[in-house]
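Chain by chain, the residues:
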Amino acid sequence: MTVQTDDRYKMVEKTMKKLGYDRSALIETLHTAQETFGYLENETLKFIARRLKLPFSKVYGVATFYHFFRLKPKGKHTAVVCMGTACYIKGATAILESLESRFGIQAGETTKDALISVLTARCVGSCSLAPVAIYDNKSVGKLTLEEAEKTIEELIK
Amino acid sequence: MIQSIEDLEEIASKKKCTEQSCKDELRVCIGSSCAALGSQEMQKSLAKKVKEKELQGKCKVKGVGCNGLCSAAIMVSSYDKANKKEVIYGGIETADEDRLLALIENDIELKDKLLDTNTPFFTQQKKIVLENAGIVDPNDIDDYIAHDGYRALFTALEEMSSNEVIEEVKTSGLRGRGGGGYPTGLKWETVLKVESDQKYIVCNGDEGDPGAFMDRAVMEADPHKILEGMAIAGFACGASKGFIYVRAEYPIAVEKLNKAITQARKKGILGNRIANSNFDFDIEIRLGGGAFVCGEATALVASIEGNRGNPRQKPPHLSDYGLWGEPTILNNVETFANIAPIIRNGGAWYKAIGTEKSSGTKVFALTGHIQNTGLVEVPMGISLRDLIEKIGGGVPNGGKLKAIQTGGPSGGCIPENMLDIPVDYDSLKAVGSIMGSGGLIVMDESSNMVEVARFFMDFSKSESCGKCVPCRVGTTELTELLDKFIKKEAKQSDFDLLKEMCVVVQDASLCGLGQTAPNPVLSTIKYFEKEYLEGIKND
């Protein structure tokens, strides 16, 4: 699909237009692009660079600076382990380690078959439910290691 | 369009009239913790059931912001308007919905879910910032107006001059709630004095500190209050444009703020010639990208401008050279939330709360090994022990308190035996911690302090923007050194190096992130040196 025919680019274009194609629109535009495409591939970044009249290096620099932006697609499922302080002292590390060893990947990576991405979050703000993990957008709180292991098997079933 | 205080009063009384046709309110908390357990679905389902049973005349189901006691999620309260009495229920599940209906219909209480509001958690709090949390529907501007909303803004516009507004804020003694504690009135006065055609008001809602969720709760529960505070700041300093910089990880907060801005524009509270005056003010939202360093003023400004969030050398300060080079006021969410009550009740009223040098209240997010996790707002000067043991309910399951941590990665640990100090900017600083934005993590005996220090150092390491060497390299080296202690492979010379490097990183880093990153290590060395010494291998 080319830029002209892909409707998703229209969404991105809309954000830039709303902000007057000003260079300060870059981060907002990247947010829209990620929301629409799921992640930021080079083609998208180049498109944004062209439209905002910014060097590609600048766009790439900004996209890689912020943790929120993903340059690679996510897996079919995601498991986000919150590593905020409250979750940390209540044992989030063990949950993360069990996920990493279960799938043989490190936090932030996706399995080769694109089945699952194991991610971490700095703090999801549900500290009272610590430790928390988010499985495909569903938060599960007060996790024990056993529950975490069980939930993940159900998720990928 | 609202053009005067009378218009506000009309809306408020209309709102109260329509509300009085319903005897009671059922308030469902839709704050983050409750929402994670499905409270939004519960609110919808309850509203539907009330409609099916034709109970609308008797009760209104309303979604409200965080009530504070997140450990009792999902929280639902019933409010009896005639007697102004609120009964709070905690730990409500989907299965309890029918019992809630029975409560509305026949006043059958859910005795087993009843929360005792005569406990210190409820009685010892003083709510100013969170006065509307758990009461006002964040999606409804009229509800905010019915609770004195926008009255302060219109009072300022109709009856006060810029200087008078700033005087009130100065009298109140309000200090920046983001952690630094710089007097807000002084900051505003500096910007007022700078001559410029364009000035900006920026609200920092990029709460990146792990373990802190106060600002999130305020944004989700009472978004209009932030808009009002910013508009007053705009009037006081002659700025016509404001930006709220919010974490993209807070989608509910973004949604509520966006909705609030749209509603305020429609009512003429934001826009041109507000209240028929010459004052124009509008607010836009900018999303953060999950970079902790963007909590630093110059980095935040760089990020709004669409750049990498790299801090720069100060001076010039933002009051001279801020957003796009123009004079800018940057305050934290909680600071702005204090403004409307101060203008409404007067600076002297605020000054009388708290202590001499730290007036007012502070919101804390209590987490970790503590009974009542959640949000609390207490007057400054309360002792840490009261905060933890009385309001927080102490360590659960008979555990023993070891230390508390304030200020996140920039703060420090305070051991149990020092808990009698009062909560204020200066006392916390004197013991090697900081007030910070309000995250308060309680740790029991099972916590290893070296590991806690390493956790924060690892955080600072990955959040360092990399611009200056002392921070970029220093935090990496410090993390590696701490690892040696955890593996019990450190030498005595490593301990000396650790201490020395902390001082170097503090002294030589460009911005606050690096300058404060060693604090967790230094404070744990100070109070828990033994645990470091245990990590040293004796050959």
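Quick note: structure is the one above.
Note that this is a predicted model, so its numbers are computed, not measured.

Observations regarding unusual backbone geometry
Residue and element names in this part refer to chain B.
Step number 1: Cis rather than trans, the peptide bond between Ala73 and Ile74 has omega equal to -5 degrees.
Step number 2: Mapped onto the secondary structure, Ile74 falls in the loop between strand S2 (59-64) and strand S3 (76-80).
Step number 3: A cis amide bond links Pro315 with the next residue in sequence, Pro316, at an omega value of 5 degrees.
Step number 4: Looking at the element boundaries, Pro316 is found in the loop between helix H13 (297-304) and strand S8 (328-332).
Step number 5: Its identity is not glycine, yet Asp107 carries a phi of approximately 60 degrees, on the positive side.
Step number 6: Phi angles above zero are rare outside glycine, and Lys488 is one such case at about 60 degrees.

Some points on helix H12 (residues 251-266) of chain B
Residue and element names in this part refer to chain B.
Step number 1: Between its first and last C-alpha, H12 extends 23 Å over 16 residues, near the 22 Å set by a 1.5 Å rise per residue.
Step number 2: Looking only at H12, the buried set comprises Ile252, Ala253, Val254, Lys256, Leu257, Ala260, Ile261, Gln263 and Ala264.
Step number 3: Summarising the contacts, the buried residues of H12 are in contact with helix H2 (32-36), helix H6 (141-146), helix H10 (214-221), helix H11 (223-237), strand S6 (241-246) and strand S7 (282-287).
Step number 4: The positive-phi residue at the C-terminal boundary of H12 is Gly268, with phi of around 80 degrees.

Quick word on the packing of aromatic side chains
Step number 1: Within the structure shown, the criterion is met by 20 aromatic pairs over all chains.
Step number 2: Residues Tyr9 of chain A and Phe47 of chain A carry aromatic rings whose centres are separated by 4.6 Å and whose planes lie at 70 degrees to one another, so their mutual orientation is edge-to-face. Of this pair, Tyr9 of chain A sits in helix H1 (residues 7-18) while Phe47 of chain A sits in helix H3 (residues 42-51), placing them 38 residues apart in sequence.
Step number 3: Classification of Tyr9 of chain A by relative accessible area gives buried; the value is 8%.
Step number 4: Owing to a relative accessible area of 4%, Phe47 of chain A belongs among the buried residues under this scheme.
Step number 5: Site record: aromatic cluster; members linked through ring pairs are Phe65, Tyr66, Phe68 and Phe69 of chain A.
Step number 6: In this structure, Lys362 of chain B packs its charged tip against the face of Phe364 of chain B, placed 5.8 Å from the ring centre.

Digging into the environment of Asp107 of chain B
Residues and elements named next belong to chain B.
Step number 1: Mapping Asp107 onto the fold places it in the loop between helix H4 (97-106) and helix H5 (120-123).
Step number 2: On the basis of relative accessibility, which here comes to 56%, the residue Asp107 falls in the exposed class.
Step number 3: Taking the C-alpha atoms as reference points, Asp107 and Pro138, separated by 31 residues in sequence, lie 27 Å from one another.

Looking at the pattern of salt bridges
Residue and element names in this part refer to chain B.
Step number 1: Applying the stated criterion to the full structure yields 44 salt bridges over all chains.
Step number 2: Two residues, Glu167 and Lys170, come together in a salt bridge whose shortest N-O distance is 3.8 Å. With Glu167 and Lys170 both in helix H8 (residues 162-172), this residue pair falls 3 residues apart, about one helical turn.
Step number 3: Under the relative-accessibility criterion, Lys170 is labelled partly exposed at 32%.
Step number 4: Put simply, Asp420 and Arg385 hold a salt bridge, and the shortest N to O gap is 2.9 Å. A residue pair is termed long-range when its members are at least 10 positions apart, and Asp420 in the loop between strand S12 (412-415) and helix H17 (425-430) and Arg385 in helix H16 (residues 384-391) qualify at 35 residues.
Step number 5: We classify Arg385 as buried; its relative accessible area is 19%.
Step number 6: What you see here is one network of salt bridges that share partners, running through Glu25, Arg27, Lys62, Lys81, Glu86 and Asp143.

Considerations on the pairing of strand S5 (residues 200-205) of chain B
Residues and elements named next belong to chain B.
Step number 1: With 6 of its 6 residues buried, S5 lies for the most part within the structure.
Step number 2: The alternating pattern of S5 places Tyr200, Val202 and Asn204 and Ile201, Cys203 and Gly205 on opposite faces, both of which are buried.
Step number 3: With 5 bridges joining them, S5 and S8 adopt parallel strand pairing. The residue of S8 that forms the bridge with Ile201 is Ile329.
Step number 4: Sheet analysis places S5 next to S6, joined by 6 bridges and oriented parallel. Residue Cys203 lies in a different strand from S6, and its bridge partner there is Ile244.

Some points on the interface of chain B and chain A
Step number 1: If you look at the interface, chain B gives 48 residues, while chain A gives 32 residues.
Step number 2: On the chain B side of the contact with chain A, Gly289, Arg308 and Phe455 of chain B bury the most area, a combined 17% of that side's loss.
Step number 3: Residues Arg122 of chain A and Glu463 of chain B are paired through a salt bridge, measuring 3.5 Å at the closest nitrogen-oxygen approach.
Step number 4: At the junction of chain B with chain A, the criterion picks out 15 residue pairs in polar contact (both at pLDDT 80 or more).
Step number 5: With 7 residues, helix H18 (residues 449-463) of chain B is the largest single contributor of residues to the side of chain B that touches chain A.

Examining the sheet that holds strand S11 (residues 401-406) of chain B
All names here are of chain B.
Step number 1: One open sheet holds the 5 strands; their spatial order is S10-S9-S13-S11-S12, and the pairing between them is mixed. One side of each edge strand has no neighbouring strand; the edge strands of this open sheet are strand S10 (374-379) and S12. Sheet twist, expressed as the average angle between the axes of neighbouring strands with direction ignored, equals 30 degrees.
Step number 2: In the sheet, S11 pairs with S12 via 4 bridges, with the strands oriented antiparallel. Of the residues in S12, the one forming a bridge with Ala403 is Pro415.

Here we look at the sheet that holds strand S2 (residues 109-110) of chain A
Residues and elements named next belong to chain A.
Step number 1: With mixed pairing, the 5 strands of this open sheet are ordered in space as S2-S3-S1-S4-S5. Lying at the two open borders of the sheet, with one neighbouring strand each, are S2 and strand S5 (138-140).
Step number 2: Against the sheet, helix H6 (residues 92-103) engages strand S1 (77-82) and strand S3 (116-121), with an angle of about 150 degrees to S1.

Conventions adopted
Each chain has its residues counted from 1, running along the sequence as written. Chain letters and ligand numbers both follow the written order, the letters beginning at A and the numbers at 1. Confidence filtering applies because this is a predicted model: local features only for residues at pLDDT of at least 70, side-chain atom pairs given and counted only at 80 or more, and all residues used for totals across whole chains, interfaces and linings. Derived side-chain values reflect all non-hydrogen atoms in the structure, with water molecules and hydrogen atoms excluded from consideration. Think of it this way: any DSSP run of H or I at least four residues long counts as a helix, any run of E at least two long counts as a strand, and we number them from the N terminus. Every helix has an expected span of 1.5 Å times one less than the residues it contains. Only protein chains enter the calculation, and the probe is 1.4 Å; a residue is then buried if its accessible area is under 20% of its type maximum, exposed if over 50%, and partly exposed in between. For this analysis, residues touch if any pair of their heavy atoms sits within 4.5 Å. Pairing of aromatic side chains requires ring centres within 6.5 Å, counting the rings of Phe and Tyr and the six-membered ring of Trp. Pairs whose planes differ by under 30 degrees are stacked, by over 60 edge-to-face, and all others tilted. Charge-over-ring placement is defined geometrically: NZ (Lys) or CZ (Arg) within 6 Å of the ring centre, and within 35 degrees of the ring normal. Just to be clear on terms, a salt bridge is a Lys or Arg side-chain nitrogen sitting within 4 Å of an Asp or Glu carboxyl oxygen. Criterion used throughout: strands pair if DSSP finds at least two bridges between them. When two components associate, each loses some accessible surface as probed by a 1.4 Å sphere; the sum of these losses over both components is called the buried area. Definition of a polar contact: a pair of N or O atoms within 3.5 Å, with one able to donate and the other able to accept a hydrogen when the atoms are protein atoms, and with sequence-neighbouring residues admitted only if both atoms are side-chain atoms. Lines fitted to C-alpha atoms define the axes, with helix axes restricted to the stretch in contact, and inter-axis angles between N-to-C directions lie between 0 and 180 degrees.

These values are about where atoms sit, not about what they do.
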